[in-house]
Structure formats: structure tokens, C-alpha cells
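Remarks on the overall topology
These are the residues of each chain, in order.
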Amino acid sequence: AEHDEDISVWNGDHKAATSVREIEKSDYEALHKDYSESVDALQRAIAVLKKLAHNRPQASLAQVSALQSLKLIPAEAKKAIDIFLQNGQEPEGLEVSAPEADGYE
């Protein structure tokens, strides 16, 4: 009778452990599917970005000068646009060069 009680406890433990493993397995499979779909989506996105990885032309001066006609642009901004257009595409103030290196003589 004592052994029958131990056997029934072990059988109950076995059923509980089996139930827990089945729940964990289903959770793992759902998480694995989610991760796999995410990785696949990222790989496709990277492929698209690699296809689009080329130089694009910047806004032309015609587009910038078209801002002058908008009523929403403040007068100060229009003045800044005028100054930008008069100076050309690359203002000289933004040019940077490395300083001369001092060497031993």
C-alpha cells in the first residue's frame, strides 16, 4: 500500500511535468515563429535598402528658390534664402581643413 501511494505521486508528478513541457514547447514554438518572421522581415528590408543605396541628387536651387513665393515663410527666412542663393551652393564658411602638423626639426 505504501508503494502504491508513491507510484501514484510519481505518476502525478510525471503528468504535471509533461503538461509543463507541452506548455513550454508551445510557448517556444510561438516565440521562435515570431523571431523567424522578424529576422526574415529584417533581411528583406536590408535587401531593399541595399538596392536603394546610391547617391541621390540634393535639392536643386530651383526648389530652394521656390520657397520665396510661399506666404508661410517668414521674412527673415526669405532673407536667409536670398543670401544662400547669392553665395552659391556651398558657402565658404562651411569649408573646413585640417591644421598644419608641427614636426620636429
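Residues numbered from 1 in each chain as written. Predicted model: local features only at pLDDT ≥ 70, side-chain atom pairs only at ≥ 80, totals over all residues. Heavy atoms only, no water.

Before going further, it helps to spend a moment on the overall build of the protein chain. A tally of regular secondary structure across the protein chain gives 3 helices and 0 strands. Mapped in sequence order, the helices and strands of the protein chain form the string α-α-α. Taking all 105 residues of the protein chain together, the buried fraction comes to 3%. Taken as a whole, the protein chain presents about 10,200 Å² of accessible surface, with 57% of it coming from carbon and sulfur. (Helix = DSSP H or I, 4+ residues; strand = E, 2+ residues; numbered from the N terminus. Buried < 20%, exposed > 50% of the residue type's maximum accessible area, 1.4 Å probe, protein only. Areas by Shrake-Rupley, 256 points an atom, 1.4 Å probe, with all protein chains shown as cover.)

On the surface, a nonpolar cluster with roughly 320 Å² of combined accessible area is contributed by Ile7, Val9 and Trp10. When you line up the elements, Val9 lands in helix H1 (residues 2-51). On the basis of relative accessibility, which here comes to 43%, the residue Val9 falls in the partly exposed class. (Patch = residues over 30% accessible without salt bridge, like charges linked within 9 Å, V, L, I, M, F, W, Y side chains within 5 Å. Salt bridge = Lys/Arg side-chain N within 4 Å of Asp/Glu carboxyl O.)

Here we come to the pattern of salt bridges. This structure, assessed with the given rule, holds 2 salt bridges. Notably, a salt bridge pairs Asp40 with Arg44, separated by 3.2 Å at the nearest N-O pair. Of this pair, Asp40 and Arg44 both sit in helix H1, separated by 4 residues, roughly a single helical turn.

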